[in-house]
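# Coordinates in review
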Amino acid sequence: MKIKKTIICSILLLSMAMTAGAQRMMENLSRGLVAVKTTEGVYLSWRLLGQEWYDVTYNVYRDGVRVNSEPLETSNYQDAGGTESSTYSVRAVVRGVEQEGSETVTPWKGQYLDIPMQLISDASGTDITDQYSLNNASAADLDGDGDYELIVKRMNSDFSKANTAYTLFQAYKLDGTLMWTIDVGPNIMNSRHVETNCMAYDFNQDGKAEVVIRLADGSVLPDGTVVGNPLANYRPAGEYDGLTIYQTQYDE
Ligand SMILES: [Ca+2]
Ligand SMILES: [Ca+2]
């Protein structure tokens, strides 16, 4: 009997381990409440979190007062009484019990969120931002606070060997705070479709996203570490002089 029980326990443990191993990868995100002023008041939208697939509804609070008469079965709401100065919070109601309130937000000033990018300067301090175009972006929670950050590619497509301003990746918080910069250096060529892409996700599930970027000799990481040979510049002399690929199309 004792052996039999041990075997049953072992099977149960193995089964539990297999179940745990098969869990879906997820992000631990905030409610992500967004409010946008419209001609019909304020439109609100928020995340239905991964653990809320069961019996959940929501209450919307404007300036601390609940505005919906019945709990909402959707993750958005049009508040006819909302104004640009209203403050909003959302509370999930799980099996009849109202949960803690979300972050409090005010409506965006327009139909989109304007995130200012930092100016870019050369070694002498001259503003060379115009040499760059804003390219792809990836969203991920880099610092584990539940809010997404954006990793943006700021592309410099002047491939001449003499040019020392290279494509950058920068991470921004949604309020425009710059978190870090990676300079890809001279040995990664960039255009709309070439070579440098960025992938960001919490691959190891520790709550903070990792960023995967192709780099090369001379790339500079946020802490100043240079990848490989800092002096390497494999650009062929002369071949790309005066050639700025795709820059015109981007500016349009
Ligand atoms: Ca974050
Ligand atoms: Ca991680």
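Now for a quick tour of the structure. (Residues numbered from 1 in each chain as written. Chains lettered and ligands numbered in written order. Predicted model: local features only at pLDDT ≥ 70, side-chain atom pairs only at ≥ 80, totals over all residues. Heavy atoms only, no water.)

### Describing the overall build of the protein
For the record, the criterion: Secondary structure elements are defined from DSSP: runs of H or I of at least 4 residues count as helices, runs of E of at least 2 residues count as strands, and each element is numbered from the N terminus. The buried label applies to any residue whose accessible area, calculated with a 1.4 Å probe on protein chains only, is under 20% of its type's maximum; exposed applies above 50%, and partly exposed to all values in between. Accessible surface area values rest on a Shrake-Rupley calculation with a 1.4 Å probe, where residue burial reflects the displayed protein chains alone.
Within the protein, the secondary structure is distributed over two helices and 13 strands. A buried classification covers 35% of the 252 residues belonging to the protein. Carbon together with sulfur atoms contributes 54% to the accessible area of the protein, which is approximately 15200 Å² in total.

### Notes on the nonpolar core
To keep things clear, this is the line we draw: Remark: nonpolar core denotes a set of buried residues (Ala, Val, Leu, Ile, Met, Phe, Trp, Tyr, Cys) joined through side-chain atoms within 4.5 Å. The contact criterion used is simple: two residues touch if any of their non-hydrogen atoms lie within 4.5 Å.
In this structure, Leu33, Leu44, Trp46, Val60 and Tyr88 are the most contacted members of the largest nonpolar core, which totals 15 residues. When residues of this core are traced back to their parent elements, those giving at least two are strand E2 (41-45), strand E3 (56-62) and strand E6 (88-94). Counting residues per element, this core draws most heavily on E6, which supplies four residues. Residue contacts for Trp46: discarding those within four places in its chain leaves Arg31, Gly32, Leu33, Tyr58, Val60, Leu72, Thr74, Ser75, Asn76, Tyr77 and Val90. Counting 14 residues, the second-largest nonpolar core is a separate cluster that includes Leu142, Phe169, Cys198 and Ile213.

### Points about the pattern of salt bridges
The condition that has to hold: A pairing counts as a salt bridge when a side-chain nitrogen of Lys or Arg comes within 4 Å of a carboxyl oxygen of Asp or Glu.
The full count for this structure, using the stated rule, is six salt bridges. Note that Arg62 and Asp79 form a salt bridge whose closest N and O atoms lie 2.8 Å from each other. With Arg62 in strand E3 and Asp79 in strand E5 (residues 76-79), this residue pair connects regions lying 17 residues apart in the sequence. A residue is classified by how much of its surface remains accessible, and Arg62, at 23% relative accessible area, is partly exposed. Notably, a salt bridge pairs Glu98 with Arg91, separated by 3.4 Å at the nearest N-O pair. The partly exposed category is assigned to Arg91, whose relative accessible area is 31%. Among the charged side chains, a network of salt bridges with common partners joins Asp143, Asp145, Glu149 and Lys173.

### Here we look at the coordination of the calcium ion (ligand 2)
Selection criterion: The rule for donors is simple: N, O or S, within 2.8 Å of the metal, or within 3.2 Å if the metal is Na, K or Ca. Water isn't counted, so a site may look like it is missing partners. Key to geometry: four donors with every angle between 85 and 135 degrees are tetrahedral; four donors are square planar and six octahedral where opposite donors lie over 155 degrees apart and all remaining angles lie between 65 and 115; all other sites are irregular.
At the metal site, the calcium ion (ligand 2) is ligated by Asp202 (OD), Asn204 (OD1), Asp206 (OD), Lys208 (O), Glu210 (OE) and Glu210 (OE), and these contacts range over 2.1 to 2.7 Å. One can describe the site at the calcium ion (ligand 2) as irregular: its six donor atoms subtend angles covering 52 to 167° at the metal. All donors of the calcium ion (ligand 2) come from a single chain, and their spacing in sequence reads D-x1-N-x1-D-x1-K-x1-E. Judged by relative accessible area, which is 44%, Lys208 ranks as partly exposed.

### Considerations on the pairing of strand E11 (residues 178-183)
Note the following rule: A pair of strands counts as paired when DSSP detects no fewer than two bridges linking them.
Where strand E10 (residues 168-173) meets E11, five bridges bridge the pair, whose relative direction is antiparallel. Of the residues in E11, the one forming a bridge with Tyr172 is Leu178. Linking E10 to E11, which pair antiparallel, is a turn of four residues; within it Gly176 sits at a positive phi near 95°.

### Some thoughts on the coordination of the calcium ion (ligand 1)
Surrounding the calcium ion (ligand 1) are the protein donor atoms Asp141 (OD), Asp143 (OD), Asp145 (OD), Asp147 (O), Glu149 (OE) and Glu149 (OE), at 2.2 to 2.6 Å. In this structure, the calcium ion (ligand 1) is surrounded by six donor atoms whose angles at the metal cover 54 to 173°, and the resulting shape is irregular. Taken in chain order, the donor set of the calcium ion (ligand 1) reads D-x1-D-x1-D-x1-D-x1-E. Judged by its relative accessible area of 27%, Asp143 falls in the partly exposed class.

### A few points about the sheet that holds strand E4 (residues 65-66)
Sheet architecture is open: four strands sit in the order E4-E3-E6-E7, paired in antiparallel fashion. One side of each edge strand has no neighbouring strand; the edge strands of this open sheet are E4 and strand E7 (97-101).

### Focus on a nonpolar patch on the surface
Put simply, the test is: Surface patches are drawn from residues lacking salt bridges whose relative accessible area is over 30%; two like charges belong together within 9 Å, two nonpolar side chains (Val, Leu, Ile, Met, Phe, Trp, Tyr) within 5 Å.
A grouping of Met25, Met199, Phe203 and Val212 is seen on the molecular surface, where their side chains present a nonpolar patch of about 360 Å² in accessible area. With respect to the helices and strands, Val212 occurs in strand E13 (residues 210-213). Judged by relative accessible area, Val212 falls into the partly exposed class, the value being 40%.

### Things to note about the sheet that holds E11
To keep things clear, this is the line we draw: Each axis is a line fitted through C-alpha atoms, taken for helices only over the stretch in contact, and angles between the N-to-C directions span 0 to 180 degrees.
Strand order in the open sheet formed by four strands is E8-E9-E10-E11, with antiparallel pairing between adjacent strands. Looking at the sheet topology across the chains shown, the edges are occupied by strand E8 (133-140) and E11. Adjacent strand axes in the sheet meet at a mean angle of 20°, parallel and antiparallel pairs treated alike.

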